[in-house]
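The lines below spell out each chain.
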Amino acid sequence: MSEEIFKSRPTAALIGLGLIGGSMALAWKKHNIVQHCIGVDENPDHAKQALELNLVDEILPLEEAINKADIILLAVPVQVVAALLPIILAQVKNQIVLDVGSTKANISHIASLQENRGRFVATHPMWGTEHTGPAAATVYAFTDKAVVLCNTGSSDKDALLWTRAMYQTIGMHILEMESKAHDLHAAYVSHISHITSFALANTVLEKEREESTIFEMSSGGFESTVRLAKSNPSMWLPIFMQNRENVLDVLNEHITQLKKFKSCLEKENAEYLQELMVSANRIREII
């Protein structure tokens, strides 16, 4: 089925040439999904790097790229997706438009107000690193990872068929859910991890003023825990704000759990502290 869909290889426009957009370009080229890849990026350095790294074949302004492309991928921060989506959907005819944003409810709502809503597929590939820019792109980024497709009943059948086939071809397994459910689950499995990492990094940086040896003693466990604190704030700020209610819900629960550990130590309650850690070990059954 995928071979038949991709027999007539389309021209794609990648709006946003950072980690996700660049990795998608590499995956598309590796699997011969597109014949020509147009890059769009307001950062001239990113545009230049993307050309030098052979992520894209040419750089064009947004309007020209939309007119020339068959597939349009929005790989920009979620607030930029929200701003660009009405402009793009007003301009497209038969093109397929998809985004890869980490929040979906606001974007799906904006899409629902557009006349060409059917040409849009809301997606979220569940992959990312703390690195940014075209140089961070990797060809096997999406292999064996999950991708969430949201509100698929609102997308045209051909747009949905191509999107599903594309993600399966680059090695992803597909989940489908409503955008509000996605945002709730994303708050638990992704967004809270980033907030925790940012907070822990700030905690240690504050303490380091007094104890300069902290970083000399840091090991793999610390590095893996604060790895996400290196993530780009300009990308994560709008994610936290757009998914504010769900993030607050999970953050309140996280604070409750931290208070339990704190109370055990204050009261020297080793038995309950052991129970909390054993309970946490059940995550092995899931991950």
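Relevant structure appears above.
What comes next concerns the included structure.

Rules and cut-offs
- Residues numbered from 1 in each chain as written.
- Predicted model: local features only at pLDDT ≥ 70, side-chain atom pairs only at ≥ 80, totals over all residues.
- Heavy atoms only, no water.
- Axes fitted to C-alpha atoms, helices over the stretch in contact; angles between N-to-C directions.
- Helix = DSSP H or I, 4+ residues; strand = E, 2+ residues; numbered from the N terminus.
- Parallel < 35°, antiparallel > 145°, perpendicular 65-115°, else oblique.
- Left-handed = near helix turned anticlockwise from the far one by under 90°.
- Contact = heavy atoms within 4.5 Å.
- Nonpolar A, V, L, I, M, F, W, Y, C, P; charged D, E, K, R; others polar.
- Patch = residues over 30% accessible without salt bridge, like charges linked within 9 Å, V, L, I, M, F, W, Y side chains within 5 Å.
- Areas by Shrake-Rupley, 256 points an atom, 1.4 Å probe, with all protein chains shown as cover.
- Salt bridge = Lys/Arg side-chain N within 4 Å of Asp/Glu carboxyl O.
- Buried < 20%, exposed > 50% of the residue type's maximum accessible area, 1.4 Å probe, protein only.
- Pairing = 2+ DSSP bridges.
- Core = buried A, V, L, I, M, F, W, Y, C linked by side-chain atoms within 4.5 Å.
- Right-handed = clockwise from strand over helix to strand, strands pointing away.

1. Quick notes on the packing of helix H8 (residues 179-208) against helix H11 (residues 233-242)
Their axes nearest at 11 Å, the elements H8 and H11 cross at an angle of 125 degrees. In terms of axis orientation, H8 runs oblique to H11. The crossing of H8 and H11 is left-handed. Two secondary-structure elements touch here, H8 through Ser190, His191, His194, Ile195 and Phe198 and H11 through Trp236, Ile239 and Phe240. When the residues that make up the contact of H8 with H11 are grouped by side-chain class, the tally is 5 nonpolar, 3 polar and no charged.

2. Some thoughts on a nonpolar patch on the surface
Taken together, Leu184, Tyr188 and Val189 make up a surface patch of nonpolar side chains, about 270 Å² in accessible area. By the element assignment, Tyr188 lies in helix H8. Residue class for Tyr188 comes out partly exposed when judged on its relative accessible area of 41%.

3. Quick look at the sheet that holds strand S8 (residues 173-177)
Across the sheet, which stays open at both edges, the 8 strands sit in the order S3-S2-S1-S4-S5-S6-S7-S8 with mixed pairing between neighbours. The outermost strands of the open sheet, each flanked by one partner alone, are strand S3 (58-59) and S8. Along the sheet, helix H2 (residues 19-30) contacts strand S1 (11-15), strand S2 (36-40), strand S4 (71-74) and strand S6 (120-125); its crossing angle with S1, the most-contacted strand, is approximately 165 degrees.

4. Notes on the nonpolar core
One recurring pattern in soluble globular proteins: nonpolar side chains tend to sit buried together. Counting residues in hydrophobic clusters, the biggest one holds 36 residues, and the most contacted among them are Met24, Trp28, Leu98, Phe142, Met166, Tyr167 and Ile170. Looking at this core, the elements that each hand over two or more residues are S1, H2, S4, strand S5 (96-99), strand S7 (146-150) and helix H7 (157-169). Counting 34 residues, the second-largest nonpolar core is a separate cluster that includes Val76, Val97, Ala122 and Cys150.

5. Examining the pairing of S8
Note that S7 and S8 share 5 bridges and pair parallel. Residue Ala146 lies in a different strand from S8, and its bridge partner there is His173.

6. Observations regarding the packing of helix H12 (residues 244-266) against helix H13 (residues 270-280)
Two elements in contact, H12 and H13, have axes whose closest approach is 8 Å; the angle formed by their N-to-C orientations is 150 degrees. Regarding the angle of H12 to H13, the classification is roughly antiparallel. Considering the relative orientation of H12 and H13, their crossing is left-handed. Contact residues: H12 offers Lys260, Phe261, Cys264 and Leu265, while H13 offers Tyr272, Leu273, Leu276 and Met277.

7. With respect to the pairing of S6
When you tally the buried positions in S6, you get 6 out of 6 residues, the bulk of the element. Burial along S6 is two-sided: the face carrying Phe120, Ala122 and His124 and the face carrying Val121, Thr123 and Pro125 are both buried. After leaving S5, the chain enters helix H6 (residues 105-112) and then returns to the sheet as S6, a path that is right-handed. Relative to S7, S6 runs antiparallel, the two sharing 4 bridges. Across the sheet, the residue bridging to Thr123 is Leu149, located in S7.

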